[in-house]
Amino acid sequence: MVATRYVVDAAGPGSLGFLRYLIGLVCLVPALWLRPWRTIAPRDLVPIGLLGIGQFAALIVLLNYSLLHIPAARASLLFSTFPLMTMTLSALLGRERFTPAKIAGALLTFAGVAIALGGAAITAEPQHGSAWLGTAAALASAFCGAVCSISYAPYVARYSALPVTAFAMFVAVLALAGIAGAEGLFATWPAFTAGEAAAIVFIGVSSGIGFFLWVYALGNAPPTLVTIFLGLGPVTAALGGTALLGEPLPVAALLGLACVLAGLWIALKPGAQAD
């Protein structure tokens, strides 16, 4: 989130998404080359491709767009509704059941993110753009991710996570290429600074590895339990600022981490899936 906020003004939401997943796809190619995998059946190419467009194109463009209008802390807080949306959709579709442990875990992780981000997530005013547009885009990004998260499992079970992730990301790159072209990415050679280029490479590599692990998890665990772990992101970002940048250790980040870990423990402890 922080790296995206750093570079999104220079790259544009669609162009940054295209570069991000192009680099991520390149990271997956060696594994595809070295490891045998089952060919995806023609009937499944379209649904997996649509999941890729939703998970890797629409989600990231909406999130990048929100960062043009609202502070990163607020975007992180709004995006952390992802597990709550996933749990609700999964229950409504009959994929999972509402249980007290799941509800308590999801609410605690959301509370932990809110505490860690502090008042800036709510009170900070955007320097430019529309706060309403940014808010709507961040919530739409979380909803898009929730819809995709509950749809991966049957395809991962059929083909394994690696080919599913790679094909979904490939389709997303093709879709994002059109948006990047409209933003002028291919008109001239991109003039990124060294810091911006490093941020793009970092985002891309972490996306390739991270989203493979994400899809693998969605194929092997209930989507609500997987998405609850998203609450660790903003908290560890705050703690990382202390460890890597020498920033003051925020007490709110420690309290938020305690809430997130408590939520994970409640949701994952033995017997948590039973009513």
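Please refer to the structure higher up on the page.
Notes on the structure in this doc start here. Quantities reported herein were computed from a predicted structural model and do not represent experimental measurements.

Time to look at the side chain of Ser 149. Considering the arrangement of structural elements, one finds Ser 149 in helix H8 (residues 131-149). For Ser 149, a relative accessible area of 2% corresponds to the buried category. Aside from chain neighbours lying at most four places away, what touches Ser 149 is Gln 55, Phe 82, Trp 214, Leu 218, Pro 223 and Thr 227.

With that out of the way, let us pick up the nonpolar core. In terms of nonpolar packing, the biggest core is built from 53 residues, with Tyr 21, Phe 56, Tyr 152 and Val 164 touching the most fellow members. The biggest single contributor to this core is helix H10 (residues 161-182), with ten residues. In this view, Val 164 contacts Ile 48, Tyr 152, Tyr 155, Val 156, Tyr 159 and Val 215; residues no more than four positions away in its chain are not counted. Core analysis: the next-biggest nonpolar cluster, separate from the first, contains ten residues, Ala 106, Leu 225, Val 235 and Val 260 among them.

Enumeration over the complete set of coordinates arrives at seven aromatic pairs. Measuring from centroid to centroid gives 5.4 Å for Phe 18 and Phe 186, while their planes differ by 90°, and the two rings are edge-to-face. Of the two residues, Phe 18 sits in helix H2 (residues 13-34) while Phe 186 sits in the loop between H10 and helix H11 (194-218), which places them 168 residues apart along the sequence. Judged by its relative accessible area of 9%, Phe 18 falls in the buried class.

In this section: the environment of Pro 234. For Pro 234, the location among the structural elements is in helix H13 (residues 232-245). As a C-alpha pair, Pro 234 and Ala 114 span 120 residues in sequence and 9.2 Å in three-dimensional space.

As a further point, take the side chain of Thr 227. Along the chain, Thr 227 falls in helix H12 (residues 223-228). When its relative accessible area of 0% is taken as the criterion, Thr 227 is described as buried. Each residue touching Thr 227, except ones within four places of it in the same chain, is listed here: Phe 82, Pro 83, Thr 86, Ser 149 and Trp 214.

Attention now moves to the environment of Ala 146. Mapping Ala 146 onto the fold places it in helix H8. Exposure remark for Ala 146: the relative accessible area of 0% places this residue in the buried category. For Ala 146, the residues in contact, after removing those within four places along its chain, are Phe 82, Met 85, Thr 86 and Leu 89.

Definitions and cut-offs
- Residues numbered from 1 in each chain as written.
- Predicted model: local features only at pLDDT ≥ 70, side-chain atom pairs only at ≥ 80, totals over all residues.
- Heavy atoms only, no water.
- Helix = DSSP H or I, 4+ residues; strand = E, 2+ residues; numbered from the N terminus.
- Buried < 20%, exposed > 50% of the residue type's maximum accessible area, 1.4 Å probe, protein only.
- Contact = heavy atoms within 4.5 Å.
- Core = buried A, V, L, I, M, F, W, Y, C linked by side-chain atoms within 4.5 Å.
- Phe/Tyr/Trp six-rings, centres within 6.5 Å; stacked < 30°, edge-to-face > 60°.

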